[in-house]
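# Per-entry structural report
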Amino acid sequence: MIQRVHIELSRVQAWLFAVPRLRAMVGANALLGEALRVALPNLAREAGRGWMLSPSTERYPAADPNDPLAMHDDPAADAKYGIVSRDGGHFEALFASGAAAFADAAGQLLRANLPGLSFRVSIDGESRTKCQVHLSTELPVLAPCEWTGRGLASAIVEQGDERPAVSLDVARRHEAARRAEDGTAVDVASLLRAKTTLQNLERAQELKELVGSGYLALIHADGNGVGSGLGSDKSDSERAAFFHRNRVLLRRAVKKAIDEYCPATGPAPLIPLMLGGDDLLLVTRAEIALPFVVTLCAELDALQKESTGFKLTLGVGVVFAKHTIPIHRLHEVAEQLASSAKRRFRGFKDDEAKRSVVDWAVFSAAWVDDPEEVRRRDWLRSNADDLRVLSQRPVDVLGETRIDSLQGLVRGAGQLARAPRSQLRYLVEQLSRGRALSELAFAELPQELKVPLAKAGVKEPWRRAGNAWITALLDLVEVAEIGRLGRSTAREEAAHV
């Protein structure tokens with residue numbers, strides 16, 4: 001009897017940020033790829049271990065010639081061995097015998113290669129092994145890990161001029177980062193990097209090195225409605241074809257966006273941290289983050305112009321902050337923002353065209369507060385008959401001529417490049433003080449500011465939306481200012497030296 005072993009990795013991104021150093025995060029993703037895409041398949045194929053794979057009799061999709069990673073993603077070739085999934089945090093294989101023995105061996109492999117990562121192993125849907133904690137086997141030295149404070153300082157790593165004593169887990173991640181840099185890593189993000197302009201650029205070792213005096217942007221993107229788009233009555237091969245199509249589309253769109261915003265030489269302005277089936281996580285310099293999202297979603301849309309059936313769109317969250325904010329906190333906020341974008345997507349009517357949605361937040365303080373609390377406090381103003389909402393977010397990503405889309409806001413921000421910044425900021429400050437005062441401030445603007453605002457798409461400060469008044473000014477000015485975040489402070493500090 002054929003038995004199906006399914007392995008699901010969980011809380012992967014939390015595990016990725018467990019060591020809050022950029023190089024360690026890149027290495028952690030490389031370890032994930034090696035375990036999921038190489039180690040587990042090789043283990044399943046091993047002869048004489050007490051188990052035997054069963055080739056699938058269904059017709060799985062072949063590699064897509066348009067896929068940048070076609071030679072690394074061929075479901076039909078995998079299915080000939082009985083391996084039916086090894087992407088997106090899942091591994092699944094069919095066994096003619098010894099499924100239980102393989103499940104036990106796979107659990108041991110994951111505990112050894114990915115210590116601390118949660119996973120679940122099931123056979124024909126029945127859970128067999130669940131791991132949430134791995135007890136360290138490090139040598140009993142006394143000093144703690146210098147990078148995390150957790151685990152014992154059992155190895156020395158070299159990074160620039162530093163030679164910190166770190167735990168074995170950190171050392172393993174650091175070594176995997178070296179493989180990502182020299183092109184021998186097999187995770188999807190590293191493989192795609194080798195197909196883009198990133199392959200020739202210098203990769204930052206730390207977040208500070210990536211952003212300099214500017215701000216950091218963390219982008220979290222996830223596919224909208226992917227589960228419901230598949231349906232529940234599909235065969236294994238139909239499910240494989242569906243997920244294969246989605247991940248190929250996303251890879252092609254990501255490659256396009258990377259190539260557009262990376263120079264031919266010099267330091268890389270962005271670093272992909274994780275690329276799964278329909279999800280993406282990357283860090284970038286603040287000034288290119290929102291244009292990157294526009295290009296990503298525009299390319300994704302263009303690739304599906306002629307296709308029918310399910311359309312892959314993204315719910316995107318982007319958080320902007322100083323690089324000194326703990327990266328795990330930035331990720332929590334980016335996930336919240338992506339969830340906000342996905343709620344808007346779920347609110348679309350059945351007869352509306354499905355489209356990508358984005359939400360973002362900018363934090364200039366030394367900590368990142370809960371975005372929902374910040375918005376209730378700062379964006380909602382009302383009296384008995386006058387409800388005002390100071391932001392349009394979340395918004396559609398695409399819509400070049402619309403000031404209520406990210407694409408329109410990015411285009412409009414370009415019109416404000418030479419506009420007087422102090423007057424723009426003053427105008428935004430008036431929005432919270434009442435509609436009459438803000439309309440008066442808008443009416444008194446000089447022509448040198450009214451003209452670029454009109455070209456950006458703002459001819460009036462407020463528009464009616466249901467039972468509320470809403471404005472595009474705060475969003476527009478914030479998008480225009482993102483590229484300057486941290487720069488003026490750095491110049492002021494330099495001037496006092």
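Up top is the structure these notes are about.
These numbers come from a predicted model, not from an experiment.

### Structural notes on the nonpolar core
Ranked by size, the top nonpolar core spans 75 residues in total, and within it Val318, Trp360 and Leu453 carry the most contacts. With near-sequence residues (within four places) excluded, Trp360 lies in contact with Leu290, Val318, Phe320, Leu337, Arg375, Arg393, Val395, Leu406, Leu409, Asp475, Glu478 and Val479. Counting 64 residues, the second-largest nonpolar core is a separate cluster that includes Leu43, Phe95, Ala106 and Leu110.

### So, the sheet that holds strand β10 (residues 270-275)
The strand order across the open sheet built from six strands is β10-β11-β9-β12-β13-β16, with neighbouring strands paired in mixed fashion. At either end of the open sheet lies a strand with only one pairing partner, and these are β10 and β16 (395-396).

### Side note on the pattern of salt bridges
Under the counting rule described, the total for this entry stands at 38 salt bridges. In this structure, the salt-bridge partner of Arg355 is Glu352, at a minimum N-O distance of 3.5 Å. In this structure, Arg393 engages Asp475 in a salt bridge whose closest nitrogen and oxygen atoms are separated by 2.9 Å. With Arg393 in the loop between β15 (386-389) and β16 and Asp475 in helix α17 (residues 473-481), this residue pair connects regions lying 82 residues apart in the sequence. This pair shows no difference in class: Arg393 is buried, exactly as Asp475 is. What emerges from the salt-bridge pattern is a single network uniting Arg37, Asp67, Asp73, Asp87, Arg247 and Arg251.

### Some thoughts on the packing of helix α14 (residues 421-431) against α17
Running from N to C, α14 and α17 cross one another at 145°; their axes reach a closest spacing of 10 Å. Between α14 and α17 lies a crossing whose hand is left-handed. Note on element contacts: α17 touches α14 through Leu473, Leu474, Val477 and Glu481, opposite Arg421, Leu424, Arg425, Leu427, Val428 and Leu431. When the residues that make up the contact of α14 with α17 are grouped by side-chain class, the tally is seven nonpolar, no polar and three charged.

### Notes on the pairing of strand β4 (residues 90-97)
Here strand β1 (residues 3-10) pairs with β4 via six bridges, running antiparallel. What sits directly across from His6, in β4, is Glu92. Pairing of strand β2 (residues 52-53) with β4 involves two bridges; the strand directions are antiparallel. Note that in β4 the partner of Met52 across the bridge is Ser97. Alignment of strand β3 (residues 83-85) against β4, held across two bridges, turns out to be antiparallel. Across the sheet, Ile83 pairs through a bridge with Ala93, a residue of β4. Linking two consecutive strands that pair antiparallel, namely β3 and β4, is a turn of four residues; a positive phi of about 65° is found at Gly88 within it.

### Some details on empty space enclosed by the protein
The tally for this structure, following the rule as stated, stands at two cavities of 30 Å³ or more. Reported here for the largest cavity is a volume of approximately 70 Å³. Around the largest cavity, the lining residues are Val26, Asn29, Asp187, Ala189, Ser190, Arg193, Arg203, Pro272 and Leu273. At three residues, helix α6 (residues 188-193) tops the list of elements feeding residues into the lining of the largest cavity. Among the residues making up the lining of the largest cavity, the classes are represented as four nonpolar, two polar and three charged. The computed volume of the second largest cavity comes to approximately 30 Å³. Together, Arg193, Leu198, Leu201, Arg203, Ala268, Leu270, Ile271 and Pro272 line the second largest cavity. Per-element accounting of the lining of the second largest cavity gives the leading share, three residues, to β10.

The rules behind each value
Residues numbered from 1 in each chain as written. Predicted model: local features only at pLDDT ≥ 70, side-chain atom pairs only at ≥ 80, totals over all residues. Heavy atoms only, no water. Core = buried A, V, L, I, M, F, W, Y, C linked by side-chain atoms within 4.5 Å. Buried < 20%, exposed > 50% of the residue type's maximum accessible area, 1.4 Å probe, protein only. Contact = heavy atoms within 4.5 Å. Pairing = 2+ DSSP bridges. Helix = DSSP H or I, 4+ residues; strand = E, 2+ residues; numbered from the N terminus. Salt bridge = Lys/Arg side-chain N within 4 Å of Asp/Glu carboxyl O. Axes fitted to C-alpha atoms, helices over the stretch in contact; angles between N-to-C directions. Left-handed = near helix turned anticlockwise from the far one by under 90°. Nonpolar A, V, L, I, M, F, W, Y, C, P; charged D, E, K, R; others polar. 1 Å grid on protein atoms, 1.4 Å probe; cavity = no way out; pocket = protein on both sides within 12 Å on 5 of 7 lines; lining within 4 Å. Points joined across faces, edges and corners; volume = space filled by probe spheres on them.

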